[in-house]
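Structural overview
Residues per chain are reported as follows:
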Amino acid sequence: MNAPVELLPQLAPRPIPAVMLDALGARFGARCSTARAVREQHGRDESPFDVPPPDAVVYCESTEDVSFVVALANAHAVPVIAYGAGSSLEGHLLAVQGGVSLDLSCMNRVLRVDAEDLTITVQAGVTRKQLNEHIRHDGLFFPIDPGADASIGGMAATRASGTNAVRYGTMRENVLGLTVVTASGEVVRTGTRARKSSAGYDLTRLFVGSEGTLGVMTEITLELHPLPEAISAAVCSFPSIDAAVRTTIRIIQTGVPIARCELLDVHAVRAVNAHDRLGLREAPLLLMEFHGSPGGVKEQAETVQAVAAEFGGEDFDWATTPEARTRLWTARHHAYLSALQTRPGCRAVTTDTCVPISRLAECIDETVKEVDASGLPYFIVGHVGDGNFHVGYLIDPLQPQERETAERLNAQLVARALRLEGTCSGEHGIGLHKMGFLIDEAGAGGVALMQGIKRAFDPNNILNPGKIFVL
């Protein structure tokens, strides 16, 4: 594997010249800040990296604001890092060369809802919860649910997915069009509200997942979905992780259109029990959700119950009211923070592999044996319906050997996933953490092709430099 324990690229800082700071101050006034507390807030995400903060933070309110900052930064060859909700896990928003953090959280307006066409256009700072609250009275919802209340711009930048991806796909399938500010400050629009197009290169898909390295997305047009007529959620406990995973594999191979299928190992169950006072049986479990007509949901549930019984699944506990479902899914979304509280003062090194569904049991089984043998505290959660799972290694930041152990286990897990024809990142992206793994997965030629695209889009390398790969 190419990824060492020392993961941060060694890059020279590119400070902001005084003339540029003066121009930002003249344009933005109090919306441009160099206060240390503000910069530190924008220089930290949920990754285990500690990096000096950006040199300045600019709060943008429009595409024109973004265009002004980016054009100015390009003229002075100063880095610009787009900032949404700060919930990324792989160091995406860290200012490894200094520069300007471009805070888009004030760009939080819903611009257009076309209920008849099942589309919506929003500014990049709109969060997923805000979006769904805005459209729920139209009988619609946006299904991409990465857990955190992330911004839509951040979700598009990292090609996020989450709990509903097994049925509704990822951001790649649900983004129809974009307004993007390029490295020169030019505003371009990609895609349309039509559901398909054969017109030229698919620039929308190129920007989605580019982690802010090719352009700054300011407006996003999304596909919406009708709220299901009936929704039912269930928790089922299993005698082992292997039994839970093999149940998932059988469900998918049987063709059940399950909407959500989430795995929690015993450590994750204990953590959410303590945090959310759920009283779940402390054993590996699947948290599932079914969408459709009342009859369709009933048929799906009966099929899944029969499959689970074959693998020792028991204690099917149904949540049919919105309140009960919300309580379960809120606890699932709290799993990461709940696990951190089981070891006060710890930080998490979180993995993000995804494999073909037929290889999932093998991958998780070998992973569990390795981490158990290491003695490092951990938890496992996963969107196992599409082969994606996460191991969170809980490390003491004052004990370097624990970080080294976690990175070694992570490297072994990625090697296993690639051997099984999977990927080093199912949804979190590359950021700082997985640059070496990207070479293992895509090959030197593939990464070189990506670098060529980056140079063509961003000749001065100002857009989130040092992420995905180093130029």
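Residues numbered from 1 in each chain as written. Predicted model: local features only at pLDDT ≥ 70, side-chain atom pairs only at ≥ 80, totals over all residues. Heavy atoms only, no water.

A look at the overall build of the protein chain
Rules: The secondary structure listing takes helices from DSSP runs of H or I that are at least 4 residues long and strands from runs of E that are at least 2 residues long, numbered from the N terminus. Within these notes, the globule rule equals 2.2 Å times the number of residues to the 0.38 power, and the radius of gyration is based on C-alpha atoms. Burial classification: accessible surface area is computed with a 1.4 Å probe over protein chains only, and a residue below 20% of its type maximum counts as buried, one above 50% as exposed, and the rest as partly exposed. The contact definition used throughout considers only heavy atoms, calling two residues in contact when any of these lie within 4.5 Å. Think of it this way: Lys and Arg go in the positive column, Asp and Glu in the negative one, and His and the chain ends go nowhere. Positions of charges follow a simple convention, taking NZ of Lys, CZ of Arg, CG of Asp or CD of Glu.
Each helix and strand in the protein chain was counted, giving 16 helices and 19 strands. Rg of the C-alpha trace for the protein chain: 22 Å, near the compact-globule value of 23 Å for 471 residues, within the 12% margin. By its C-alpha atoms, the protein chain is 70 × 55 × 40 Å across when sized along the principal axes. Within the protein chain, buried positions represent 58% of all 471 residues. Intrachain contacts of the protein chain at a sequence separation of at least 6 include 73% that bridge at least 24 residues. Treating the 41 positive side-chain charges of the protein chain as one cloud and the 55 negative ones as another, the clouds have centres 2 Å apart.

Some details on the nonpolar core
The cut-off we apply is this: Side-chain atoms within 4.5 Å link the members of a nonpolar core, which is a set of buried Ala, Val, Leu, Ile, Met, Phe, Trp, Tyr and Cys residues.
One finds Leu102, Leu131, Ile152 and Met171 to be the most contacted residues of the largest nonpolar core, which totals 50 residues. By residue number, the principal contributor to this core is helix 3 (residues 63-76), which donates 5 residues. Discounting chain neighbours no more than four positions away, the residues touching Leu131 are Ile120, Val122, Val126, Phe142, Ile152, Leu222 and Leu224. Ala243, Val349, Ile357 and Ile395 belong to the second-largest nonpolar core, a separate cluster that totals 43 residues.

A word on unusual backbone geometry
Although it is not a glycine, Ala77 adopts a positive phi angle of roughly 55°. Among the secondary structure elements, Ala77 is positioned in the loop between helix 3 and strand 3 (80-83). Given a relative accessible area of 30%, Ala77 falls into the partly exposed group. You will see that Leu118, though not glycine, has its phi angle at about 60°, which is positive. Here Leu118 is to be found in the loop between strand 5 (110-114) and strand 6 (119-123). In this structure Leu118 comes out as partly exposed when scored by relative accessible area, which is 23%.

Remarks on the pairing of strand 16 (residues 347-350)
Quick reminder of the rule: Only when DSSP finds a minimum of two bridges between them are two strands counted as paired.
Side chains Arg347 and Val349 of strand 16 all project onto a buried face; the interleaved residues Ala348 and Thr350 project onto the opposite face, where all are buried too. Pairing between strand 16 and strand 19 (residues 388-395): 4 bridges, direction antiparallel. Directly across from Val349, in strand 19, lies its bridge partner Tyr393.

Overview of the sheet that holds strand 8 (residues 175-181)
This is how the line gets drawn: Only C-alpha atoms enter the line fits that serve as axes; for helices the fit covers just the stretch in contact. Angles between N-to-C directions range over 0 to 180 degrees.
Read from one edge to the other, the open sheet built from 5 strands follows the order 5-6-10-8-9, with strand pairing classed as antiparallel. At either margin of the open sheet sits one strand with a lone partner, and together these are strand 5 and strand 9 (187-191). Neighbouring strand axes in the sheet, compared pairwise and without regard to direction, differ in orientation by 10° on average. The pairing of strand 8 with strand 10 (residues 216-223) spans 6 bridges and is classified as antiparallel. When the sheet's bridge partners are listed, Gly177 is paired in strand 10 with Thr221.

Notes on the packing of helix 9 (residues 241-254) against helix 14 (residues 360-374)
Packed helix pairs are specified by the crossing angle of their axes together with the interaxial distance, meaning the distance between the axes. Note the threshold: We call two directions roughly parallel when the angle between them is under 35 degrees, roughly antiparallel when it is over 145, roughly perpendicular when it lies between 65 and 115, and oblique otherwise. Two helices cross in a left-handed way if the nearer one is turned anticlockwise from the farther one by less than a right angle. They cross in a right-handed way if the turn is clockwise. Each residue receives one of three labels: charged for Asp, Glu, Lys and Arg, nonpolar for Ala, Val, Leu, Ile, Met, Phe, Trp, Tyr, Cys and Pro, and polar for the others, Gly being one of them.
Put simply, helix 9 and helix 14 touch, their axes get as near as 9 Å, and they point 165° apart. Here helix 9 lies roughly antiparallel to helix 14, going by the angle between them. When you trace helix 9 past helix 14, the crossing you get is right-handed. Where helix 9 abuts helix 14, its residues Ile241, Asp242, Val245, Arg246 and Ile249 lie against Leu360, Ala361, Ile364 and Val368. When the residues that make up the contact of helix 9 with helix 14 are grouped by side-chain class, the tally is 7 nonpolar, no polar and 2 charged.

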